[in-house]
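Topology and contacts: notes
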Amino acid sequence: MVGSKSFLSLTITFSLLLQLQLGSTDNQYTDYVFLFDNEDIFEDCPEMPDNHGIDAALSTDNLEFDLNEEYLVDVSGNSTVVWEGVQPSDRIEFRADMYQEVGGLGWLLTPFSLVSEDLCIELFEKDTLFYKVWGQHVPKDEQKCFNVFGHTYHYEPFAVKLTFDGRNLFGRYKIVGRMEAFDEQGVKRPKTICSEVTGEITYA
């Protein structure tokens with residue numbers, strides 16, 4: 001069983017950034033897996049002491065995650081939006097950046113990132129990465145954004161792949177994901193969501 005805080009990290013940040021941006025069908029590439037440091041996967045961003053972690057945006061108490069031997073996580077159940085202070089008319093910005101730990105230099109930003117200036121539009125657009133990994137598993141009558149407080153998603157069971165194709169990706173990495181809400185006048189809401197996942201990339 002995988003920790004309940006892992007939902008967005010696995011289905012959006014991790015899957016999109018690693019599988020889709022780094023992925024390739026080139027047979028010269030090798031299968032890798034990201035081994036998490038923390039069994040709960042996501043941690044609050046330590047450099048932002050006033051920020052809120054992923055559990056302040058989406059409750060995953062009623063979700064189940066089962067990791068099998070093929071590095072697939074089976075996901076089922078439901079989750080509810082608990083992001084206080086947001087409104088359905090708000091625009092949500094999303095950003096995920098990947099860092100590599102380099103001896104003596106600390107965490108250095110890599111070229112790999114994922115940015116959405118209006119996440120609510122992209123979540124359920126069929127040609128977007130967000131839809132392919134997450135949105136398509138939400139029933140059509142429940143396809144609302146994270147800016148609808150109290151809304152519940154009852155997911156169609158699906159699996160998240162933890163392996164990906166790549167080249168020369170060994171070492172320690174972390175992915176930092178951040179969401180911010182803005183009202184119709186462009187004023188940022190007080191509560192920023194920021195979480196990170198840290199681990200090691202090695203052969204699958």
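Right above here is the structure, for reference.
For the structure given in this document, a descriptive report is provided here. Because the structure is a prediction, the values reported are computed rather than measured. (Residues numbered from 1 in each chain as written. Predicted model: local features only at pLDDT ≥ 70, side-chain atom pairs only at ≥ 80, totals over all residues. Heavy atoms only, no water.)

**Re the packing of aromatic side chains**
So the rule is basically this: Pairing of aromatic rings covers Phe, Tyr and the six-membered ring of Trp, with a centre-to-centre limit of 6.5 Å; geometry is then stacked below 30 degrees between planes, edge-to-face above 60, and tilted otherwise. Helix and strand assignments follow DSSP, with helices taken as H or I runs no shorter than four residues and strands as E runs no shorter than two, numbered in order from the N terminus. Buried, partly exposed and exposed residues are distinguished by accessible area as a fraction of the type maximum, computed with a 1.4 Å probe on protein chains only: under 20%, between the cut-offs, and over 50%, respectively.
In this structure the tally under the stated criterion is eight aromatic pairs. Aromatic pair Trp134 and Tyr153: ring centres 5.2 Å apart, planes at 80 degrees, arrangement edge-to-face. Residue Trp134 is located in the loop between α3 (129-133) and β8 (152-161), and its partner Tyr153 is located in strand β8; the two are separated by 19 residues in the primary sequence. Taking relative accessible area as the criterion, Trp134 reaches 0% and is therefore assigned buried.

**Quick word on the side chain of His137**
The cut-off we apply is this: Contacts: residue pairs with any heavy atoms within 4.5 Å of one another.
Within the secondary structure layout, His137 lies in the loop between α3 and β8. In this structure His137 comes out as buried when scored by relative accessible area, which is 14%. Setting aside its immediate chain neighbours within four residues, His137 contacts Lys132, Tyr155, Glu156 and Phe158.

**With respect to the pattern of salt bridges**
Heads up, the condition is: For this document, the term salt bridge refers to a Lys or Arg side-chain nitrogen within 4 Å of an Asp or Glu carboxyl oxygen.
All told, the structure shown has seven salt bridges when counted by the stated rule. Measuring nitrogen to oxygen at the nearest pair gives 2.7 Å for the salt bridge that ties Glu93 to Arg91. A salt bridge links Glu101 to Arg172; the shortest N-O distance between them is 2.9 Å. Here Glu101, found in strand β6 (residues 91-102), pairs with Arg172, found in strand β10 (residues 171-182); they are 71 residues apart in sequence, far enough to count as distant. Arg172 sits in the partly exposed class, given a relative accessible area of 27%.

**Quick look at the state of the cysteines**
Our working rule: Here, two cysteine sulfur atoms that lie within 2.5 Å of each other are counted as a disulfide.
Summed over the entire model, instances satisfying the criterion amount to two disulfides. With its sulfur 2.1 Å from that of its partner, Cys45 forms a disulfide with Cys194. With the S-S bond torsion at -85 degrees, the cross-link from Cys45 to Cys194 turns out left-handed. Here Cys45 is found in the loop between β2 (43-44) and β3 (58-59), whereas its partner Cys194 is found in strand β11 (residues 193-203), with 149 residues between them in sequence. Using a relative accessible area of 2% as the deciding quantity, one classes Cys45 as buried.

**Quick look at the side chain of Ser195**
This is how the line gets drawn: Nitrogen and oxygen atoms within 3.5 Å of one another constitute a polar contact, given that in protein one can donate a hydrogen and the other can accept it, and given that sequence-neighbouring residues count only through two side-chain atoms.
Note that Ser195 resides in strand β11. A relative accessible area of 2% means that Ser195 is categorised as buried. Side-chain polar atoms of Ser195 contact the backbone nitrogen of Ile54, separated by 2.9 Å. For Ser195, the contacting residues outside a window of four places in its chain are Phe42, Glu43, Asp44, Cys45, Gly53, Ile54, Ile175, Val176 and Gly177.

**Details of the nonpolar core**
In plain terms, the rule: Here, the term nonpolar core denotes a set of buried Ala, Val, Leu, Ile, Met, Phe, Trp, Tyr and Cys residues that are joined through side-chain atoms within 4.5 Å.
Counting residues in hydrophobic clusters, the biggest one holds 40 residues, and the most contacted among them are Trp83, Ile92, Phe146 and Met179. For this core, the secondary-structure elements that each account for two or more residues are β1 (30-36), β4 (63-67), β5 (72-81), β6, α2 (119-122), β8, β10 and β11.

**Remarks on the environment of Arg178**
Examined against the element boundaries, Arg178 turns out to sit in strand β10. Looking at Arg178, the relative accessible area reads 34%, which means it is partly exposed. Arg178 sits 82 residues away from Ala96 along the chain, and the two C-alpha atoms are 6.4 Å apart. Among all residues touching Arg178, those that are not within four sequence positions of it are Met48, Glu93, Phe94, Arg95, Thr192, Ile193 and Cys194.

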